[in-house]
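Structural overview
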Amino acid sequence: MPVPSFITTCKKNERIANDIYEIVFEKPEGFTFKAGQYILFDVPLMENANDIQTRAFSIASSPKEDDLLFAMKLKPGGRASRWIVEQLKPGMSARMQGPFGRFVLDPASDKELLMIGTSTGVAPYRSQLPMILPTIKQRIDLIFGARSEDDLFWKEPLENLAKQSENFFLHIALSKPSGTWKGHTGRVQTLVPLIVKDFSNKSVYICGSPDMTTELKKTALEQWGVEKQNLHVEGYI
Ligand SMILES: Cc1cc2nc3c(=O)[nH]c(=O)nc-3n(C[C@H](O)[C@H](O)[C@H](O)COP(=O)(O)OP(=O)(O)OC[C@H]3O[C@@H](n4cnc5c(N)ncnc54)[C@H](O)[C@@H]3O)c2cc1C
């Protein structure tokens with residue numbers, strides 16, 4: 001079955017951290033998705049608007065919200081990165097296809113959730129948490145890694161979710177913090193075993209750069225003893 005495509009309008013494009021932009025698009029009429037899925041945007045080459053390629057971005061707003069929220073990280077010289085900085089403005093339209101992806105939660109599972117995300121890899125969790133927190137009772141840990149305070153974003157909305165729910169715990173880890181940082185220091189890899197001692201009742205989700213997801217997938221299977229069916233990985237290749 002062909003994947004539907006939609007025309008949407010940009011509502012917001014704002015730099016929220018070092019090289020990260022918060023982008024909001026209108027949710028097109030008839031577009032539905034599951035929390036954790038992604039869409040493909042048509043991205044033109046700056047020098048030639050007819051030269052189009054697609055780029056994937058995880059939807060960070062929950063399905064119950066009116067708009068589509070994204071966190072987009074720049075890669076120097078990258079096609080989408082140039083589009084975000086040089087062209088994409090509120091009021092501009094764009095073509096999107098989707099939704100795609102299986103990085104979704106299993107509503108029938110009663111396992112505890114361990115969500116691990118680095119940088120924009122936190123996006124699917126920002127979509128999923130508001131959907132599950134009102135109903136599920138099991139423990140949820142989100143380990144969110146960033147380089148420094150300047151690379152950190154969405155701290156407040158995530159902290160607010162944690163304040164509102166007794167079973168949701170947010171752990172932010174900075175790998176290169178400033179001298180004044182009082183939270184966890186180090187890579188997410190090193191933080192996980194300090195927070196989780198027993199993985200037998202955990203569903204583990206890992207999202208972010210392919211280097212991190214590949215490394216953690218191996219660690220989860222070989223060292224933490226996570227079973228394959230309880231491990232879900234989204235690498236931002
Ligand atoms: C399922 C999925 C979900 C994703 N979700 C998100 C998300 O929510 N947020 C997010 O920020 N990203 C996400 N990504 C990553 C995103 O799709 C892009 O890969 C990322 O934004 C970089 O795209 P770009 O077009 O800017 O860079 P690209 O044009 O793809 O280039 C990447 C890098 O390679 C270099 N490069 C390109 N061509 C060449 C060449 N010929 N020779 C040498 N170097 C070259 C560029 O300079 C750049 O540094 C996701 C990826 C996947 C697969």
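None of these values were measured; they are calculated from a predicted model. (Residues numbered from 1 in each chain as written. Predicted model: local features only at pLDDT ≥ 70, side-chain atom pairs only at ≥ 80, totals over all residues.)

Taken together, 22 residues are adjacent to the ligand, and Lys-73, Gly-77, Gly-78, Ala-80 and Ser-81 come closest. Listed by contribution, the elements that provide at least two residues to the shell around the ligand are β4 (48–58), β5 (67–73) and α1 (79–87). Residues lining the shell around the ligand come from more than one domain, with at least three contributed by each of domain 1 (5–100) and domain 2 (112–235). (Near = placed C-beta within 6 Å. Helix = DSSP H or I, 4+ residues; strand = E, 2+ residues; numbered from the N terminus. Domains from an automatic or database assignment.)

Before going further, it helps to examine the domain arrangement of the protein. Interface extent is often summarised as the accessible area lost during association of the parts. Looking at the assigned domains, one finds that the protein contains domain 1 (5–100) and domain 2 (112–235). Inter-centroid distance (C-alpha atoms) of domain 1 to domain 2 is 24 Å. The interface of domain 1 with domain 2 comprises 16 residues on the first partner and 13 residues on the second. Only β1 (5–17) and β5 provide two or more residues apiece to the side of domain 1 that touches domain 2. For the side of domain 1 that touches domain 2, the element with the highest residue contribution is β5, accounting for 4 residues. Tallied by class, residues from the side of domain 1 that touches domain 2 come to 10 nonpolar, 5 polar and 1 charged. (Contact = placed C-beta atoms within 7 Å. Nonpolar A, V, L, I, M, F, W, Y, C, P; charged D, E, K, R; others polar.)

With respect to topology, 6 strands assemble into an open sheet ordered β10-β9-β8-β7-β11-β12, the strand pairing being parallel. Either end of the sheet is taken by a strand with one partner, and the two such strands are β10 (184–185) and β12 (231–235). The pairing of strand β7 (residues 112–118) with strand β8 (residues 140–146) spans 6 bridges and is classified as parallel. Its bridge partner lying in β8, Leu-114 is registered against Asp-141. In the packing of helix α2 (residues 123–132) onto the sheet, contacts are made with β7, β8, β9 (168–174), β11 (202–208) and β12, and the angle to β7 comes to roughly 145°. Of the strands in this sheet, β7, β8, β9 and β10 touch helix α4 (residues 188–195), which is tilted by about 155° from β8. (Pairing = 2+ DSSP bridges. Axes fitted to C-alpha atoms, helices over the stretch in contact; angles between N-to-C directions.)

Right, let's get into the nonpolar core. Counting residues in each nonpolar core, the largest one holds 54 residues, and the members touching the most others are Phe-70, Met-115, Ile-116 and Tyr-205. Both domains that meet at this core, namely domain 1 (5–100) and domain 2 (112–235), each give it at least three residues. (Core = buried A, V, L, I, M, F, W, Y, C linked by C-beta atoms within 7 Å. Buried ≥ 20, exposed ≤ 12 C-beta atoms within 10 Å, placed from the backbone.)

Let us now look at unusual backbone geometry. Here the residue pair Gly-98 and Pro-99 is connected by a cis peptide bond, since its omega of 5° sits within 30 degrees of zero. Relative to the elements of secondary structure, Pro-99 occurs in strand β6 (residues 93–100). Positive phi is not limited to glycine here, since Trp-154 has a value of about 55°. Relative to the helices and strands, Trp-154 is located in the loop between β8 and α3 (155–164).

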